[in-house]
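# A closer look at the structure
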Amino acid sequence: ALWNTLAAIIAGVLTSLLTSTINKTIRKKNSDSKQEENRKKEIELLTRAEHMIDEGHYDLSLLESGKIMELSLRQAVTLATGESKMFSMHNLIQRAHKLNLVSDSDLEHINSVRILRNNATHLDSKVTKEQAVQAATVAKRLVKTLSFVRDIAGYNWLRVNRSEAIRALQGNNKPLLK
């Protein structure tokens, strides 16, 4: 009877571990699939924004550039924090900056495009070719920057273990991996 109980407990634990591993694998594949889908969408939107400039539709190009920036920022913040709540574009940009996903210089350029987009959308402001080109350039640079961050396998580990990594690099010689 004791052996049967022990065998049942071990089987239950193994089943639980196997289920957990399978669920993690499925979530990882879904996450990878979603990232790939978002990358394709970013490329499509970048192409569309550039095409709109060529066609003289500067306001539409600016709107596409804004979509690209929002999509990229939202995905990067979600990957970095696990948060998927909706932020306004302004709050999303600020959150990405606080997470060091965008530099001070990039923050300025991104906010500039955000303001241009808001003015074009809500105030019916005229968008020049130069402004549309600037917005597309900022969006493209942001996609490249955030794609680099998303692609680094150890990024989340380093973000979580930043203090320990710095101490180890400063000569504490404490092993980083436990």
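Residues numbered from 1 in each chain as written. Predicted model: local features only at pLDDT ≥ 70, side-chain atom pairs only at ≥ 80, totals over all residues. Heavy atoms only, no water.

## Here's the deal with the overall build of the chain
- In terms of regular secondary structure, the chain is built from 7 helices and 0 strands.
- Going from N to C terminus, the chain has its helices and strands arranged as α-α-α-α-α-α-α.
- Within the chain, counting contacts between residues at least 6 apart in sequence, those at least 24 apart form 57% of the total.
- Element-wise, carbon and sulfur atoms account for 57% of the exposed surface of the chain, whose accessible area totals about 11700 Å². (Helix = DSSP H or I, 4+ residues; strand = E, 2+ residues; numbered from the N terminus. Contact = heavy atoms within 4.5 Å. Areas by Shrake-Rupley, 256 points an atom, 1.4 Å probe, with all protein chains shown as cover.)

## What to know about helix α2 (residues 58–81)
- Given a rise of 1.5 Å per residue, 24 residues ought to cover 34 Å, and the 34 Å separating the end C-alpha atoms of α2 matches this to within 8%.
- Just downstream of α2 lies Gly82, where phi reads positive at about 85°. (Expected span 1.5 Å × (residues − 1).)

## Observations concerning the side chain of Arg74
- Residue placement: Arg74 occurs in helix α2.
- With residues up to four places along the chain from it excluded, the contact list for Arg74 reads Lys85, Met86, Phe87 and Leu92.

## Here's the deal with unusual backbone geometry
- The phi dihedral of Asn100 falls on the positive side, at around 60°, and the residue is not glycine.
- Mapped onto the elements of the fold, Asn100 is located in the loop between α3 (89–98) and α4 (104–122).
- Phi is positive for Asp124, which is not a glycine, with a value near 55°.
- On the secondary structure map, Asp124 appears in the loop between α4 and α5 (129–151).

## So, the pattern of salt bridges
- The full count for this structure, using the stated rule, is 7 salt bridges.
- Between Arg74 and Glu70 there is a salt bridge, with its nearest N and O atoms 2.8 Å apart. In this pair, Arg74 and Glu70 both sit in helix α2, 4 residues apart, roughly one turn of the helix.
- A relative accessible area of 17% places Arg74 in the buried class.
- For Glu70, a relative accessible area of 24% corresponds to the partly exposed category.
- In this structure, a network of salt bridges that share partners links the residues Glu44, Arg48, Glu64 and Lys67. (Salt bridge = Lys/Arg side-chain N within 4 Å of Asp/Glu carboxyl O. Buried < 20%, exposed > 50% of the residue type's maximum accessible area, 1.4 Å probe, protein only.)

## Examining α4
- Taking 1.5 Å per residue, 19 residues should reach 27 Å; α4 reaches 27 Å between its end C-alpha atoms and fits that length.
- Of the positions making up α4, those classed as buried are Asp106, Leu107, Ile110, Asn111, Val113, Arg114, Leu116, Arg117 and Ala120.
- Where α4 ends, the next residue or the one after it, Asp124, has phi of about 55°, a positive value.

## Regarding the confidence of the model for the chain
- Confidence in the prediction for the chain averages 81 pLDDT; 80% of positions are at 70 or higher.
- Summarising per-element confidence for the chain, the mean pLDDT is lowest in helix α6 (residues 155–160) (64) and highest in α4 (93). (pLDDT = per-residue confidence, 0-100.)

## Overview of the side chain of Ser65
- Within the fold, Ser65 resides in helix α2.
- Setting aside chain neighbours within four positions, we find Ser65 in contact with Ala49, Ala135, Ala136 and Ala139.

## Details of the nonpolar core
- If you look at the biggest cluster of nonpolar residues, it comprises 33 residues, and the most contacted ones within it are Leu62, Met69, Leu73, Val77, Leu101, Ile110 and Leu142.
- Taken together, the elements giving at least two residues each to this core come down to α1 (2–54), α2, α3, α4 and α5. (Core = buried A, V, L, I, M, F, W, Y, C linked by side-chain atoms within 4.5 Å.)

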